[in-house]
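Results of the structural survey
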Amino acid sequence: MADIIHLLPDAVANQIAAGEVIQRPASAVKEVLENAVDAGSSRIQLIIRDAGKTLIQVIDDGGGMSETDSRLSFERHATSKIRKAEDLFSLHTMGFRGEALASIAAIAQVDLKSRLRGSEIGTKVVIEASVCKSQDPVATPEGTSLAIKNLFYNVPARRNFLKSNPVETRHIIEEFTRVAMSNPQIHFSFHHNDLQVFDLREGNFRQRIASICGNNYNERLVPVEEDTTIVKLEGFIGKPEFAKKNRGEQYFFVNNRFIKDSYLHHAVNAAFDSLIPKDAYASYWLKIYIDPAKIDVNIHPTKTEIKFEDEKSVYAILRAAVKRALGKFSIAPSLDFDQERAFDVPLDKLNAIPIQPVIKVNPNYNPFKPETSFNPNIGRDNSWSRMESQRTDQWLKLHQEPIQQTVYNEEVTEPVKELQREMEELPDDRFVLTGSRILNISFKNGILLIDLPGAHERILYERYLHALQTKAVITQQQLFPPRLQLSHDDALLVTELNDELRKLGFDLTDFGNNTIVIHGIPSGLDSGKETTVLQELLEQFRNNRNRLELSADDNLARSMARSMSVKDLRNYQYKELRKIALDLLQCENSNYGVNGKTILVHLNSNDLLNFFQS
Ligand code: ADP
Ligand code: MG
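Residues numbered from 1 in each chain as written. Chains lettered and ligands numbered in written order. Predicted model: local features only at pLDDT ≥ 70, side-chain atom pairs only at ≥ 80, totals over all residues. Heavy atoms only, no water.

So, on to unusual backbone geometry. Its identity is not glycine, yet Phe152 carries a phi of approximately 65°, on the positive side. Structurally, Phe152 can be placed in the loop between strand 6 (143–149) and helix 6 (156–161). Classification of Phe152 as buried rests on a relative accessible area of 1%. A positive phi angle is found at Asn255, which is not glycine, with a value near 45°. Secondary-structure assignment places Asn255 in the loop between strand 11 (250–254) and strand 12 (257–259). On the basis of relative accessible area, Asn255 is assigned to the buried category, the value being 9%. (Helix = DSSP H or I, 4+ residues; strand = E, 2+ residues; numbered from the N terminus. Buried < 20%, exposed > 50% of the residue type's maximum accessible area, 1.4 Å probe, protein only.)

What follows deals with the nonpolar core. Leu33, Leu46, Phe74, Ile148, Phe176, Phe188 and Trp285 are the most contacted members of the largest nonpolar core, which totals 53 residues. No fewer than three residues from each of domain 1 (10–199) and domain 2 (207–328) sit in this core. (Core = buried A, V, L, I, M, F, W, Y, C linked by side-chain atoms within 4.5 Å. Domains from an automatic or database assignment.)

For the protein, per-residue confidence averages 82 on the pLDDT scale, and 82% of positions sit at 70 or higher. Here residues 334–408 is modelled with pLDDT under 50, and outside its nearest four sequence neighbours on either side it reaches 120 contacts, counting other chains as well. (pLDDT = per-residue confidence, 0-100. Contact = heavy atoms within 4.5 Å.)

Taken together, 18 residues lie near ligand 1, and Asn35, Asp60, Thr79, Ser80 and Lys81 sit nearest. At 3.3 Å, a backbone N or O of Ala100 approaches an oxygen atom of ligand 1. Contact distances for ligand 1 include 3.3 Å between a nitrogen atom and a side-chain N or O atom of Thr144. Here ligand 1 has 530 Å² of accessible area as a free molecule, and 91% of this is covered by the chains. Residue assignment for the shell around ligand 1 shows that the elements contributing at least two residues are helix 2 (25–38) and helix 5 (100–106). Residue classes in the shell around ligand 1 are distributed as 7 nonpolar, 7 polar and 4 charged. (Near = heavy atom within 4 Å. Polar contact = N/O pair within 3.5 Å; in protein donor to acceptor, adjacent residues only side chain to side chain. Areas by Shrake-Rupley, 256 points an atom, 1.4 Å probe, with all protein chains shown as cover. Nonpolar A, V, L, I, M, F, W, Y, C, P; charged D, E, K, R; others polar.)

Moving on, we get to the packing of aromatic side chains. All chains considered together, the criterion is met by 13 aromatic pairs. Measuring from centroid to centroid gives 5.3 Å for Phe176 and Phe198, while their planes differ by 25°, and the two rings are stacked. Of this pair, Phe176 sits in helix 7 (residues 165–182) while Phe198 sits in strand 8 (residues 195–200), and the two are 22 residues apart along the sequence. Each of the two residues, Phe176 as well as Phe198, counts as buried. Note on Phe190 and Phe198: the rings are 6.4 Å apart at their centroids and 20° apart in plane angle, and the pair reads as stacked. (Phe/Tyr/Trp six-rings, centres within 6.5 Å; stacked < 30°, edge-to-face > 60°.)

Okay, the pairing of strand 17 (residues 438–443) next. Residues of strand 17 alternate between two faces, with Leu439, Ile441 and Phe443 buried on one and Ile438, Asn440 and Ser442 left unburied on the opposite face. As paired strands, strand 16 (residues 431–434) and strand 17 are joined by 4 bridges and run antiparallel to one another. Residue Leu433 lies in a different strand from strand 17, and its bridge partner there is Leu439. Counting the residues in the hairpin turn of strand 16 and strand 17 gives 3 residues, including Gly435, whose phi is positive at 70°. (Pairing = 2+ DSSP bridges.)

Taken as a whole, this structure holds 25 salt bridges when the rule is applied. Here Asp279 ties to Lys245 by a salt bridge, and the two come within 3.7 Å at their closest N and O atoms. Of the two residues, Asp279 sits in the loop between helix 9 (262–272) and strand 13 (284–290) while Lys245 sits in the loop between strand 10 (231–238) and strand 11, which places them 34 residues apart along the sequence. Salt bridges here are not isolated pairs; linked through shared partners, they connect Lys30, Glu34, Asp38 and Arg257. (Salt bridge = Lys/Arg side-chain N within 4 Å of Asp/Glu carboxyl O.)

This paragraph deals with the packing of helix 7 against helix 8 (residues 205–213). Between helix 7 and helix 8, the shortest axis-to-axis distance is 9 Å and the interhelical angle comes to 155°. As summarised for this structure, helix 7 and helix 8 are arranged roughly antiparallel, according to the angle between their axes. Every residue of helix 8 that contacts helix 7 at Thr177, Ala180 and Met181 is listed here: Phe205, Arg208, Ile209 and Ile212. Each residue belonging to the contact of helix 7 with helix 8 can be placed in one class, and the counts come to 5 nonpolar, 1 polar and 1 charged. (Axes fitted to C-alpha atoms, helices over the stretch in contact; angles between N-to-C directions. Parallel < 35°, antiparallel > 145°, perpendicular 65-115°, else oblique.)

Turning next to the sheet that holds strand 18 (residues 446–451). The sheet built from 4 strands is open, its strands ordered 16-17-18-23 with antiparallel pairing. If you trace the sheet from one side to the other, it starts and ends with strand 16 and strand 23 (600–604), each paired once. Taking the axes of each pair of neighbouring strands and ignoring which way they run, one obtains an average angle of 20° across the sheet. Strands in contact with helix 14 (residues 452–469) are strand 16, strand 17 and strand 18; relative to strand 18, the strand with the most contacts, it is inclined by about 75°.

Between its first and last C-alpha, helix 18 (residues 552–564) extends 18 Å over 13 residues, near the 18 Å set by a 1.5 Å rise per residue. Burial within helix 18 is extensive, with 11 of its 13 residues counted as buried. Where helix 18 is concerned, the buried positions are Asp553, Asp554, Asn555, Leu556, Ala557, Arg558, Ser559, Met560, Ala561, Ser563 and Met564. (Expected span 1.5 Å × (residues − 1).)

There is a patch of nonpolar side chains on the surface, built from Leu8, Val12 and Ile16 and spanning about 260 Å² of accessible area. Exposure remark for Leu8: the relative accessible area of 45% places this residue in the partly exposed category. (Patch = residues over 30% accessible without salt bridge, like charges linked within 9 Å, V, L, I, M, F, W, Y side chains within 5 Å.)

Listed below in structure tokens is the structure:
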């Protein structure tokens, strides 16, 4: 029988490959923009016509290509970015397959003009359906201009599959935005049918986000920073109150390329926890830098999905960093919009000899567990309204042993510590109750407003959660253990939660007939109140269980905090007010109450001045 296998001509092979890499005009835009970035450009122009269907042109001022390279760049597996297989694992940018230009040239009419930096003259290559029509010397600026005309002109099936112009344009804007977002040091512009869509001047990351998303974003962003041996993180999250009703502003960049990652997305959402409503989406713009050998970028033809070797650690670090950022942003001043980072270093520090930071490693640190750092030495002499005072003192006793501290980022803790110091030294009359629930504290450089009931609940919540997750709290044994008759459901719930309730300090036994005996109560709880608190607690727990998806610990800590938090503020003394304020600063999240509502507002002198400037 005759041989029937034959090799496909290159042009056909390229067309097939193109199907994977170039699905629509936006995919071509992405590839060509990324090439321009890789070429070290400082200015990149994107010009399209008819949603990219008739023209996609990218002009850059990068390194350019030689005469030979200009021609070679359109060959399949032609790349200057990988030489040997090992390079695949050590490249600092993302997966290079040398496929993009070959694919594009297979399905379009392409004009390339390029001049190598420092070269006298450039070269022009015209290619159609993988066939080189001409190559000539040309006068052209340094850098590269690539024009892709009539995409899919020779693949009618693909062309007919394209969506309407607005839809295709939306995809292009999305790709443009992702590349522009991750490279704020490059000046990008974008014209569609001769109309300017974007003109993004070079700046810092924050400025770039604001120039794409809107200037009002500056005040919505909370910086996230973390530097570990595994990954370095930087970027921003949106404040929970600006969470969107639709996905959209969710950007991960790994080593400066946009990626999608539902696992990491989950990490960010987990950090936002219940701070945003169920039907809203957190916004984030997060850059992850990681050793390229620790990721695999070649698992997806368009390189938007990657695999992390150690994804669990990345998850944990990301979640902890976002959580910390959310908890402290109103205290830690955010960077000024118009300032570059470098200018933020105080003058005296600029000239100082840098000291190697001492890193205190906490062997107990487990990023999967929420930590509460809470200082047992603060406010020991306070006098809460009687019940409160006992509770707090007991809680303080519980925490006399060293408490595991989250390893906080210095940049976050410093302003917090400073505020604490200042607060401890303030005269009493600076702690003023405004209205029935707002604590108003004025400092030298601003004011702090605290929603007291919300703050108290937050403080208790973090402590109970900590107690539940570490060790049992101290139980106060009852001299005359009261009995409590429960509904059948509640009795079942008590049995189910018995271990956790014990950790909170309740020592309960089943007396039969849905009756329990309360032998011990959490230290700090007034005897006489235990039945009310327990009943409230069960009711809260049940409510939460129906409304929210919480772990049992979380639910119990919330319910307990709710039933133990103060309801009546009338008898508050300044000392107690000071104590709440100090305790709130110690909380992992000082900004939001357990229910996600704002509980702390910090206005510095600039914010205050803004009220008076038009
Ligand atoms: P890859 O980017 O994976 O290497 P491409 O097909 O996208 O593959 O590009 C092939 C090669 O063409 C690149 O490796 C690079 O050397 C060259 N090249 C493409 N675009 C440009 C550009 N705008 N400026 C300079 N060189 C470019
Ligand atoms: Mg490329």
